[in-house]
Every structure is written in C-alpha cells, then in structure tokens.
Amino acid sequence: MYQTIVAKFGGSSLADASHIQKTASIISMDPARRYVVTSSPGERTDDDIKITDMLYMCHSRFTNRENYQDMLNAIHLRFDEIVSELGIDFNVSAEIKELQKNLMLGRSSDFIASRGEFITAKIMAKVLGWKFIDASDMIFFNNDGSLNELKTFSTASRILKPLEHAVIPGFYGIMPNGSIKTFTRGGSDTTASIIARALNADLYEKWTDKAEIFSADPSIIDSPKAVENITYKELHELSYMGFTVLNEDSVFPINRAGIPVNIRDTNNINDKGTLILPELPEDFARENMFVCVAGKRGFRVLQIEKYKLNKEAPFAAKLFNIFARYNIACEHCLSGIDIVSLVLKNPLFDLRRSEIISEIKRELNPENVEVKTNMSLISVIGQGMGTVKGVFAKVFNALANAGVKVKMIDQGSDDLNIILGVDDEDYERSIRALYNALILKNA
Ligand code: ASP
C-alpha cells in the first residue's frame, strides 16, 4: 500500500544483538521500509545503562579529569558483544579509537553522545547490507540552533531519493561551523520526522516496545483499549491531560506536511498500532466516535460574579490583564451573563491567590469572588462528536448513573472534545463510567 516508509527504531529495539536481528527482520517484512533511522542501544535490564548515558558520562569524566577509561571500555565491550553475536565484519576497536581521539581533542558532549547513534547505524547498515548515510551530511542547524529547514530538506532529498535504501543515525546534525549538535534527548524521532518530510514519505513508522496509546489511563482502567487512530489535534488534547505518547515537537516537520505517523510495537508485530493522522479524511469511518477519555486532578476554579458583567466592555480585558501581570495562564474560561469562571492549574495561583483576589476586587468591583478547589477536568475526545445527535445524553447519562455531579462543562469551539469538571473525589469513578459507556461499549 505504501511506497516509501521511514522507519525509526528506538533504543529498546536495538539494545542487543537479538533485538537488532528482530529489528532487521521487521524492516525486511515490508519493501516500502526503505529508510531506517536508528537510535543507540538502550537498557537491556532495569539496572543497565543506555549507551547514550554512558557516552555523556565518559565525556564528563574526561572533562573533569576523572577516570573515563572504564566507561569507554564498557562501551567498547557492549558494541563488541553486539557485533560478535551478529556475526558481522565490523571493526568496533577502530570506532572506539576514533571516539577516544575525539575526546582527547576536546570535542563537545553533543559530539561524543552522538557516536552511539553513529556506530549503531553503521552496524545496522552492515546487517541489512544497506548504505549508511551520516546525518551530519544532511541535517543542518542555523547559528541559533534552529533547524535550517530549506537546506536540510533539499540536501536530504537530493542524497536519499536516488538510493533504494539507507540507514541514517538519529539524534544529531551539524552546525554552520562544522560542529555536531544533538537534538534534545529522544531526538532520533525528530531526525526520522525530518527525513520523512524531506522525502515526502507516505508514512513515518515509529517502532518501540510500548506502542500503545490507550483510550484511558491504564492506572485507572484495567487493560484499556488501544487507540487505533487519532489526529494530531486530538493527540494534543491527550498530551494536555498528561498522556505522554509522543514528543509533539518531534513531529513538527511531518505534521505540517500531512504525513501520518504509525506507532508500532516491536513485540507485537501483527498489531497495527496507532495511526496518527494530520486530519481525519472525509471518508474515514471510525468504528467509534469517542477516541479516549483523559483527565487531570487538582484544578482551581475562580468564580467572579457581577450583575450584567457581560455588558461591561473592558471587564474581560481587565481580568485577563491581572493574570498576565502575574504570568498565570487561565486554562479555561466560561462566562455567563452575571458570572465568569476561570479554571486555573498553575500552582502559582495558590501562591499569589490573595493578591490576585484583592486586585480583582479593586479593579472590577464584583459582588462576589469565590475559589473552588479540588476540581478535576475530564476530556472526552473525539473529533466531530458535537455534530452527532445524542452524544451529550450518552456522556451525562453515564455520569448520572455513576452518581457523579458535573460541576462544569466546556465544549470548546473546535468540536474536538467536551471538557467536564467534577470533584476530585469523583475523578476515577467518572473516568470508569465514561470509559465503560463510551469506549468499551463502542458507543
Ligand atoms: N539516544 C538518544 C537518547 O537517549 C536519542 C534517542 O534515543 O532518540 O536520548
């Protein structure tokens, strides 16, 4: 179905020779997987150390004039084990010698850390019999550290397009002065996203050992259903509620280019994983319009009452100015004719609460100001649900049947979700009730 897939494999899929072999077999299962981006070997056990962390340690020990040799030997040994078990002809000693030489030359920690990906990608290229293309030949930063998109996309496309296959190390690129610079930790995702964008690939596959994006928090719901497809906007709502599935910044290049991401599980190859789509195509029929139920505890609600405040033109401006002065963001704002409610999560609010309330009283002259604590927000996510008949009935019946009193409702204007406020003590009960009624029952 797809012609060109950029597949990225994380540290857990490359932790040792057997994982690398498994990764190679996954790659060979689909001829569209033509470009592979590698991270560097991750932890094999709970008390193991990632190669990247070992490299950072090596650099800091060297700079602090401490003994770095043990760490360098451990890195050497780790790659030696991988290479000998894979049975490939690869000179690990030469790579480690080069690494040591660069340490002595005083290369930056970014440079030293990047060697994990550099060596791993070379090993992977050998295993697959593919060409290794260095990221420093294609990924260019500007002097301020931002990506030089124009140069990067055009160079990567020029170098890679003529190649049937290539392996590219993730995590780094090159500065205008020729030094190596890494992305933030976990940055191989960014590399893969950049390569996918440069090639205008059909798909970016991100392979990990915990692929699932769940439709509810697994610490509340036992084995919740996995989300089959989700849009970037919906994912953004999920992230807001604290679900960390994908570093959103890492997909900025493909998000804009409309390239989908498929999160796949290396331990469950037959599972289709979660497809993240820029937009829901018009003819895309979802099995269930509710995608997930997510939430967070501990919000504050500040209610300000004043007769006919909706007629007072500068009211909102004055109110938000007060919050701007304290640099406190209002998460949600709900307004009626005589009342406005602000939902706040910033712990700063608690710290500056009395000052803020005095300013509100002084500047806005309200009849009443009240703060409600212990409010949880729950977001029922599913694009387009506001246009479907009976959606609200389902949501509110589920909560009513569970004996939950809804304190606040915000539908938002983009028809992506409904946000409900409930007491903290009703939080888990509400999540269970909504999950059972909307997701489990395929509402
Ligand atoms: N190896 C780097 C890290 O540990 C980059 C990555 O894995 O994506 O952060």
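Here's what I pulled together on the structure shown here.

How each quantity is defined
- Residues numbered from 1 in each chain as written.
- Predicted model: local features only at pLDDT ≥ 70, side-chain atom pairs only at ≥ 80, totals over all residues.
- Heavy atoms only, no water.
- Helix = DSSP H or I, 4+ residues; strand = E, 2+ residues; numbered from the N terminus.
- Buried < 20%, exposed > 50% of the residue type's maximum accessible area, 1.4 Å probe, protein only.
- Areas by Shrake-Rupley, 256 points an atom, 1.4 Å probe, with all protein chains shown as cover.
- Near = heavy atom within 4 Å.
- Nonpolar A, V, L, I, M, F, W, Y, C, P; charged D, E, K, R; others polar.
- Patch = residues over 30% accessible without salt bridge, like charges linked within 9 Å, V, L, I, M, F, W, Y side chains within 5 Å.
- Salt bridge = Lys/Arg side-chain N within 4 Å of Asp/Glu carboxyl O.
- Lys, Arg positive; Asp, Glu negative; His and termini not counted.
- Charge placed at Lys NZ, Arg CZ, Asp CG, Glu CD.
- Axes fitted to C-alpha atoms, helices over the stretch in contact; angles between N-to-C directions.
- Parallel < 35°, antiparallel > 145°, perpendicular 65-115°, else oblique.
- Left-handed = near helix turned anticlockwise from the far one by under 90°.
- Contact = heavy atoms within 4.5 Å.
- Phe/Tyr/Trp six-rings, centres within 6.5 Å; stacked < 30°, edge-to-face > 60°.
- Lys NZ or Arg CZ within 6 Å of the ring centre and 35° of its normal.
- Pairing = 2+ DSSP bridges.
- Disulfide = S-S within 2.5 Å.
- Expected span 1.5 Å × (residues − 1).
- Arc of directions from axis to C-beta.
- Polar contact = N/O pair within 3.5 Å; in protein donor to acceptor, adjacent residues only side chain to side chain.

1. Topic: the overall build of the protein
Counting secondary structure elements, the protein contains 13 helices and 15 strands. Principal axes of the C-alpha set define a box for the protein whose edges measure 80 × 50 × 40 Å. Classification of the 443 residues of the protein by burial places 51% in the buried group. Total accessible area on the protein is roughly 20,600 Å²; 48% of this is exposed by carbon and sulfur atoms.

2. Description of the site of the ligand
Near the ligand you find S39, S40, K50, T52, E117, F171, R185, G186, G187 and S188, and these make up its full shell. Starting from 270 Å² of accessible surface for the ligand in isolation, the protein chains cover 93%. Split into classes, the residues belonging to the shell around the ligand amount to 1 nonpolar, 6 polar and 3 charged.

3. A short note on a negative patch on the surface
On the surface, E305, D338, E367 and E370 cluster together into a negatively charged patch. Here D338 is to be found in the loop between β11 (332-335) and β12 (339-344).

4. A few points about unusual backbone geometry
Residue N200 is not a glycine yet carries a positive backbone phi of 50 degrees. Mapped onto the secondary structure, N200 falls in the loop between α7 (188-199) and β6 (203-208). One non-glycine residue, N327, adopts positive backbone phi at about 60 degrees. With respect to the helices and strands, the residue N327 is situated in the loop between α10 (315-325) and β11.

5. Quick word on the pattern of salt bridges
Under the criterion given, the structure shown has 19 salt bridges. The salt bridge involving R44 is made with D48; its shortest N-O contact spans 2.6 Å. Residue classification places R44 among the partly exposed positions, given a relative accessible area of 37%. Under the relative-accessibility criterion, D48 is labelled buried at 16%. R78 serves as the salt-bridge partner of D48, at 3.7 Å between the closest nitrogen and oxygen. In this pair, D48 is assigned in the loop between β2 (33-38) and α2 (51-63) and R78 in helix α3 (residues 69-86), connecting sequence segments 30 residues apart. Of the residues examined, R78 reaches a relative accessible area of 4% and is grouped as buried. A single salt-bridge network, built from bridges that share partners, covers R44, D48, R78 and E81.

6. Examining the packing of helix α1 (residues 17-29) against α3
Taken N-terminus to C-terminus, the directions of α1 and α3 make an angle of 55 degrees; their axes are 8 Å apart at the nearest point. Put simply, α1 runs oblique to α3. Between α1 and α3 lies a crossing of right-handed hand. Of the residues in α3, those touching α1 at A17, I20 and Q21 are I82, E85 and L86. Split into classes, the residues belonging to the contact of α1 with α3 amount to 4 nonpolar, 1 polar and 1 charged.

7. Concerning the packing of aromatic side chains
Scanning the model with the defined rule gives 5 aromatic pairs in all. Plain terms: the ring middles of F9 and W207 are 5.9 Å apart, the flat faces sit at 10 degrees to each other, and that makes the pair stacked. Residue F9 is found in strand β1 (residues 5-9), and its partner W207 is found in strand β6; the two are separated by 198 residues along the sequence. Exposure remark for F9: the relative accessible area of 1% places this residue in the buried category. Here W207 falls in the buried class, since its relative accessible area comes to 0%. The interplanar angle of 65 degrees and the centroid separation of 5.2 Å between the aromatic rings of F141 and F183 together place this pair among those described as edge-to-face. Of this pair, F141 sits in the loop between α5 (109-128) and α6 (149-160) while F183 sits in the loop between β5 (180-182) and α7, and the two are 42 residues apart along the sequence. One Lys or Arg, R107, reaches over the ring of F111 and ends 5.6 Å from the middle of that ring.

8. Comments concerning the sheet that holds β6
Sheet architecture is open: 7 strands sit in the order β3-β2-β1-β6-β8-β9-β7, paired in mixed fashion. The open sheet is flanked by β3 (166-169) and β7 (229-231), the only strands paired with a single partner. Each strand of the sheet is rotated relative to its neighbour by a mean of 20 degrees, with strand direction disregarded. Summarising the sheet, β1 and β6 pair through 5 bridges and their orientation is parallel.

9. With respect to the sheet that holds strand β10 (residues 292-305)
As summarised here, the arrangement of the 6 strands in space is β11-β12-β10-β13-β15-β14, forming an open sheet in which the pairing is antiparallel. The strands lining the two open edges of the sheet, one partner per strand, are β11 and β14 (408-410). Across the sheet, the axes of successive neighbouring strands diverge by a mean angle of 30 degrees, strand direction being ignored. Examined bridge by bridge, β14 and strand β15 (residues 417-423) share 3 bridges and lie antiparallel to one another. For I409, the partnering residue across the bridge sits in β15 and is L420.

10. Re the state of the cysteines
With the rule as written, the count across this model stands at 0 disulfides. C330 supplies the cysteine sulfur nearest to C333, a cysteine that is in no disulfide, at a spacing of 7.0 Å.

11. Description of the environment of N268
With respect to the helices, strands and loops of the structure, N268 is situated in the loop between β8 (261-265) and β9 (274-277). Expressed as a C-alpha distance, the spacing of N268 and K210, which sit 58 residues apart in the sequence, is 9.5 Å.

12. Here we look at helix α4 (residues 92-104)
Compared with an ideal rise of 1.5 Å per residue, which puts 13 residues at 18 Å, α4 spans 19 Å between its outermost C-alpha atoms and is within 8% of the ideal. Here α4 has its buried residues at V92, E95, I96, L99, N102 and L103. Along the axis of α4, the buried residues cluster in a sector spanning 120 degrees; they form a single face. Summarising the contacts, the buried residues of α4 are in contact with α2, α3 and α5. The backbone nitrogen of S93 lies 3.3 Å from a side-chain oxygen of the residue at the head of α4, namely N91. Directly after α4, the chain includes G106, whose backbone phi takes a positive value near 80 degrees.

Distances and angles like these do not, on their own, reveal function.
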